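Structural description and commentary
Listed below are the residues making up each chain.
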Amino acid sequence: MKLGIVGLPNVGKSTLFNAITNAGAESANYPFCTIEPNVGMVAVPDERLQVLTELHKSAKTVPAFIEFVDIAGLVRGASRGEGLGNKFLSHIREVDAIVHVVRCFDSETIVHVEGSVDPLRDMETINLELILADLETVEKRWEKASRLVLKGDKSAAAEATLLGELKKLLEDGRSARAYEFSADERELLRDISLLTLKPVVYAANMDEAAFANYETANPYYQQLAEAAAKEGAAVLPICAELEQEIAELPPEEQEIFLAEIGLTESGLSRLIRVSYDLLGLISFLTTGADETRAWTITRGTKAPQAAGKIHSDFERGFIRAETVAYKDLMACGSMAKARENGLLRSEGKEYVVQDGDIILFRFNV
């Protein structure tokens, strides 16, 4: 999974990126501090892995990973190439989902590119630039498809109709996410990378004082949450500076610090959980003496395709999946007990893998 962190300059993008990746991206009090995107790989926290590693005395533990990309700050006019607009937009096309950081704090020392703090305006500024960029893309494809229809190419008719509908939607200032696509229509758009079709989570970045009681003490957060709800997007309340403090602590001290400030998990853990939900992702697990590993798949994936995540031969020669739910294995204490109790099952090609399934794939090629 690849997540792009976007936002206006000086909203806390790079601070948040540094906190969750410890990658040391440059962060400063002036626009366009980030020019080329910074990239960091982050292990997905999963306490099940350590338990399975200890249970099977695995030689190594391999978590799932998320790639975070800190993308240059966007300004009004980016769709026309203002600021670093063209670079910004091209980098967004490469990610699976967008983490849109919105500034929800006042500061006399940190300048705002628009001169004042206004989450709704900032949110709309970036959304509009993405809409305008998509409109240009859709118009070009629609004109091409329409010409083919006039020449008698019936296969282009469905694409021209769909692009015409999307064109109207974007011209009304609405994102492509607002369109209810059929499976066939999604297939038509498979090779068109629309920015406003990507799932979005809004990260409401606050200072530490407001974060402590953000639901009642931060009107900026309330404004953002209400606007996001209207478009069906998730909102993640976060304090980037606090996350940076947490990231700098040794692992054994992080839980103590979180408890002291009334949190049960870090912003990174919350962001990953929200992102998994946003993209419909789950993890299945493999474990043994050599290795315990988490594998990320889309919810609804069947056993052969899940096997293919490990190796294409596993999918090609799939015979069956021997699987047990993590909670059932924990209740039994061992694979042998799970088998005795009938909880270690043999599943075929139509089995839909569930989150936390521990699987041994049988195959023959």
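Structural data are supplied above this passage.
A brief report on the enclosed structure follows. Because the structure is predicted, anything quoted here is derived from the model rather than measured. (Residues numbered from 1 in each chain as written. Predicted model: local features only at pLDDT ≥ 70, side-chain atom pairs only at ≥ 80, totals over all residues. Heavy atoms only, no water.)

Structural notes on the overall build of the chain
Within the chain, the secondary structure is distributed over 16 helices and twelve strands. By the burial criterion, 48% of the 365 residues in the chain qualify as buried. Of the contacts formed within the chain by residues at least 6 apart in sequence, a portion of 68% connects residues at least 24 apart. For the chain, the accessible area works out to roughly 18100 Å², and carbon and sulfur atoms hold 49% of it. (Helix = DSSP H or I, 4+ residues; strand = E, 2+ residues; numbered from the N terminus. Buried < 20%, exposed > 50% of the residue type's maximum accessible area, 1.4 Å probe, protein only. Contact = heavy atoms within 4.5 Å. Areas by Shrake-Rupley, 256 points an atom, 1.4 Å probe, with all protein chains shown as cover.)

Structural notes on the sheet that holds strand β7 (residues 234-238)
Read from one edge to the other, the open sheet built from six strands follows the order β2-β4-β1-β5-β6-β7, with strand pairing classed as mixed. Every interior strand has two partners, whereas the edge strands, β2 (38-43) and β7, have only one. Each neighbouring strand pair of the sheet contributes to a mean axis angle of 25 degrees, computed without reference to strand direction. Bridge count for strand β6 (residues 200-205) against β7 is five bridges, and the pairing is parallel. Within β7, the residue paired with alanine 204 across the bridge is proline 237. Its contacts with the sheet place helix α1 (residues 13-21) against β1 (2-6), β2, β4 (65-70), β5 (97-103), β6 and β7, and it is angled at close to 155 degrees to β4. Each of β1, β2, β4, β5, β6 and β7 touches helix α12 (residues 267-279); the most contacted strand, β7, lies at about 175 degrees to it. (Pairing = 2+ DSSP bridges. Axes fitted to C-alpha atoms, helices over the stretch in contact; angles between N-to-C directions.)

Describing a nonpolar patch on the surface
Taken together, the side chains of Val51, Leu55 and Met330 define a hydrophobic patch exposed on the protein surface, amounting to about 190 Å² of accessible area. Considering the arrangement of structural elements, one finds valine 51 in helix α2 (residues 47-56). Accessibility expressed as a relative area gives 33% for valine 51, which makes it partly exposed. (Patch = residues over 30% accessible without salt bridge, like charges linked within 9 Å, V, L, I, M, F, W, Y side chains within 5 Å. Salt bridge = Lys/Arg side-chain N within 4 Å of Asp/Glu carboxyl O.)

Brief notes about unusual backbone geometry
Unlike most non-glycine residues, lysine 57 shows phi in positive territory, near 50 degrees. Here lysine 57 lies in the loop between α2 and β3 (60-62).

Brief notes about the pairing of β4
Across four bridges, β1 lies against β4 in parallel orientation. Paired with glycine 4 across the strands is valine 69, a residue of β4. The sheet contact formed by β2 and β4 spans six bridges and is antiparallel. Counted as the bridge partner of asparagine 38 is aspartate 70 from β4.

Notes on the packing of α1 against helix α10 (residues 240-247)
Think of two packed helices as two axes; the pair is described by the angle between the axes and how far apart they sit. It is at 8 Å that the axes of α1 and α10 come closest, and there the two elements cross at 25 degrees. Overall, the two elements α1 and α10 adopt an arrangement that is roughly parallel. When the axes of α1 and α10 are compared, the crossing they make is left-handed. Where α1 approaches α10, its residues Thr15, Leu16, Asn18 and Ala19 are matched on the opposing element by Ala240, Glu241, Glu243, Gln244 and Ala247. (Parallel < 35°, antiparallel > 145°, perpendicular 65-115°, else oblique. Left-handed = near helix turned anticlockwise from the far one by under 90°.)

Considering the nonpolar core
In this structure, Phe68, Ile92 and Tyr202 are the most contacted members of the largest nonpolar core, which totals 69 residues. Filtering out sequence-adjacent residues up to four positions away, tyrosine 202 remains in contact with His100, Val102, Met123, Asn127, Leu224, Ala228, Glu231, Ala233, Ala234, Val235 and Leu236. Ranked by size, the runner-up nonpolar core spans 15 residues in total, among them Leu166, Leu169, Ile192 and Leu194. (Core = buried A, V, L, I, M, F, W, Y, C linked by side-chain atoms within 4.5 Å.)

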